[in-house]
Amino acid sequence: MSYQRISRWLVSLVLVVSLFSVVRSSFARTRNQIIKEYGENLLVNGDFEYGLKGWDSNFAEVEKSIKKSGSFCIKLEDKSSTERMWLRYFLPELAGYLNSGKEIYAEAWYYIDKEPENEKFGISALGMGPSYDFHISLLPNRKIKIHAYSGKGWVDYIAQYQYPLREWFKLGILYNKQNLLMKVYFNDKYIGRYLQNFMKKDCPSTIGLGGTYPDDNRGTIYVDNAYCGMREPPKLETFTIEAENYTRFDEESIALPRIFERKSASGGKGACVRRSDVGEPTWLEYDFEIKQDSLYELYVVAGGNNCSQAGYISIDGGEEVLVEDNNCKEDEFVSYLVGVVKLEKGKHTIRIRHCEKEGYSNTFGIDKIELRRLEEDIEPTISTGQVAY
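No experiment lies behind these values; they were computed from the predicted model shown.

## Re the overall build of the chain
So, point 1. Helix and strand content of the chain: three helices and 25 strands.
So, point 2. Across the 389 residues in the chain, those meeting the buried criterion constitute 51%.
So, point 3. Carbon and sulfur atoms make up 49% of the accessible area of the chain, which amounts to about 19100 Å² in all.

Structure representation (structure tokens):
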């Protein structure tokens, strides 16, 4: 290949890569589209046109040379070995919105020109919580880490997507307290969902945009165009199965399934599976029919127990998924996301059985099961069996 042909080929490659970068960044929705869905910005001065007014910060300063739009962005640079940087906004009214059933959405644009050095913590970006319980971290090698609190301990996930260098990109989070579900977005592309409880009993009251941890961690990021809004959860097709309406049960037990009454349960009733040494059914099965091929979120609403409890859930003899309920309140029930499942049109069976693990109650109480059809085209997280039980 001649030198001229090689040069033309390299120029073409650069143009293709540049075009890909532009398309990747422009994929994100406009602010007007976001406002139409989630309402006006709850963050006063979210575009930083008034500098840091209204924000709580450390090691933050106004930057003019690198900005997403407008006149300014915020540069967060931690050079200290004894202190931490942060940028956060207090929103005490978030608790009321979440408790009323609203979903809270937050987003911000980021620019990073040098990968952080800390392999474990990186630089914290967008987050939510009274204590920054949930946040997205930017790690070396352009990795994106999701840091969540399950209610029992910290859990970390590495996303399949990488952040770009020297290019603006957007991170977003959507939280639904009723389901303890946090969804994460990269340039408005859905990249994952995570069980998110909070360390304190109150709801999140802070939107965090950046920070470092621990004290000797260092790094630099730029932040712009922060937003927070809310909406009513969309009404998607939902199948509900009441726990007391089981199809069959473990007949090796010496008793019938226990049906309990709780005022807060759907219809005032629920059912439970028991540990094998109790003598009552260890599993219950529920038959149901799907009208069309689709992706569904599978939820189990569990509770009615003053102790930690857990059970396994599976579909059509497939993979068992452990669901833990650590709420420990006899007259309260929590909706837990089991995972995403792809179901074909036809009949299916859900089985719920006791976990048989130490440290949990000998009872796993269930109020109901829900299947919610998804619009997103994502990979299933639950494997089903080939046939019903």
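## Regarding the pairing of strand β20 (residues 294-303)
So, point 1. With 10 of 10 residues buried, β20 is to be regarded as a mostly interior element.
So, point 2. Where burial is concerned, the two faces of β20 agree: the one with S294, Y296, L298, V300 and A302 and the one with L295, E297, Y299, V301 and G303 are both buried.
So, point 3. Pairing of β20 with strand β23 (residues 333-343) involves 10 bridges; the strand directions are antiparallel. Looking at β23, one finds that V300 is bridged to Y336.
So, point 4. Sheet analysis places β20 next to strand β25 (residues 363-373), joined by seven bridges and oriented antiparallel. The partner of A302 across the bridge, within β25, is I366.

## Observations regarding the sheet that holds strand β10 (residues 169-176)
Sheets are built from strands that pair by backbone hydrogen bonding, the pairs being arranged parallel or antiparallel.
So, point 1. Strand order in the open sheet made by the seven strands is β2-β3-β14-β5-β10-β11-β12, with antiparallel pairing throughout. Only two strands of the sheet have a single neighbouring strand rather than two, namely β2 (60-63) and β12 (189-195). With direction set aside, neighbouring strand axes in the sheet form an average angle of 30 degrees.
So, point 2. Sheet topology places strand β5 (residues 103-111) next to strand β14 (residues 219-231); eight bridges connect them, and they run antiparallel. Across the sheet, residue E103 finds its bridge partner in β14, namely R231.
So, point 3. Running at roughly 40 degrees to β14, helix α2 (residues 31-38) makes contact with β5, β10 and β14 of the sheet.

## Considerations on the packing of aromatic side chains
So, point 1. Evaluation of the coordinates by the stated rule reveals 18 aromatic pairs.
So, point 2. On the numbers, 5.0 Å between centres and 80 degrees between planes, the contact of F121 with Y213 is edge-to-face. On the criterion of sequence distance, the pair formed by F121 in the loop between β5 and β6 (123-128) and Y213 in the loop between β13 (206-211) and β14 is long-range, its members being 92 residues apart.
So, point 3. A relative accessible area of 25% places F121 in the partly exposed class.

## Some words on the side chain of T206
So, point 1. With respect to the helices and strands, the residue T206 is situated in strand β13.
So, point 2. Those residues in contact with T206 that lie beyond four places of it in its chain are R88, Y89, F90, L94, G127, M128 and G129.

## Observations regarding the sheet that holds β13
So, point 1. The antiparallel open sheet is built from seven strands, whose spatial order is β1-β4-β13-β6-β7-β8-β9. Bordering the open sheet on either side are β1 (56-58) and β9 (154-162), each of which pairs with just one other strand. Averaged over all neighbouring strand pairs, the angle between strand axes comes to 15 degrees, with direction disregarded.

## Describing the pattern of salt bridges
So, point 1. Within this structure, the stated rule accounts for 23 salt bridges.
So, point 2. Measuring nitrogen to oxygen at the nearest pair gives 3.3 Å for the salt bridge that ties E77 to K75.
So, point 3. Judged by its relative accessible area of 16%, K75 falls in the buried class.
So, point 4. Across the pair K170 and D188 runs a salt bridge, and its minimum N-O distance is 3.0 Å.

## Details of the side chain of K368
So, point 1. Locating K368 in the fold gives a position in strand β25.
So, point 2. Exposure remark for K368: the relative accessible area of 19% places this residue in the buried category.
So, point 3. Looking at K368, its side chain comes within polar contact range of the side chain of E370, at 3.5 Å.
So, point 4. If sequence neighbours within four positions are ignored, K368 has contacts with T240, I241, E242, A243, S266, Y299, V300 and V301.

## Quick word on the nonpolar core
So, point 1. Within the largest apolar cluster, 77 residues are counted, with the highest numbers of intra-cluster contacts made by Y110 and L209.
So, point 2. The greatest single-element share of this core, amounting to five residues, is contributed by β23.
So, point 3. Apart from residues lying up to four places away in sequence, Y110 is in contact with A125, L126, E167, W168, F169, L171, L209, I221, Y222 and V223.

## Things to note about the environment of V340
So, point 1. Along the chain, V340 turns up in strand β23.
So, point 2. Under the relative-accessibility criterion, V340 is labelled buried at 1%.
So, point 3. Placed 45 residues apart in sequence, V340 and L295 show a C-alpha to C-alpha distance of 6.9 Å.
So, point 4. When near neighbours in sequence (up to four residues on either side) are disregarded, V340 contacts R193, L295, Y296, E297, L374, I378, E379, P380, T381 and I382.

## What to know about the environment of G208
So, point 1. With respect to the element layout, G208 can be found in strand β13.
So, point 2. Along the primary structure G208 and G127 are separated by 81 residues, whereas in three dimensions their C-alpha atoms are 4.8 Å apart.

## Quick notes on the environment of V184
So, point 1. Topologically, V184 is positioned in strand β11 (residues 181-186).
So, point 2. Note on V184: relative accessible area 0%, which makes it buried.
So, point 3. As for V184 and A159, which are separated by 25 residues in sequence, their C-alpha atoms are 9.6 Å apart.
So, point 4. Once you skip the residues sitting within four places of it in the chain, V184 turns out to touch F134, I136, I146, G172, I173, K189, Y190, I191, G192 and Y194.

Quick notes on the rules
- Residues numbered from 1 in each chain as written.
- Predicted model: local features only at pLDDT ≥ 70, side-chain atom pairs only at ≥ 80, totals over all residues.
- Heavy atoms only, no water.
- Helix = DSSP H or I, 4+ residues; strand = E, 2+ residues; numbered from the N terminus.
- Buried < 20%, exposed > 50% of the residue type's maximum accessible area, 1.4 Å probe, protein only.
- Areas by Shrake-Rupley, 256 points an atom, 1.4 Å probe, with all protein chains shown as cover.
- Pairing = 2+ DSSP bridges.
- Axes fitted to C-alpha atoms, helices over the stretch in contact; angles between N-to-C directions.
- Contact = heavy atoms within 4.5 Å.
- Phe/Tyr/Trp six-rings, centres within 6.5 Å; stacked < 30°, edge-to-face > 60°.
- Salt bridge = Lys/Arg side-chain N within 4 Å of Asp/Glu carboxyl O.
- Polar contact = N/O pair within 3.5 Å; in protein donor to acceptor, adjacent residues only side chain to side chain.
- Core = buried A, V, L, I, M, F, W, Y, C linked by side-chain atoms within 4.5 Å.

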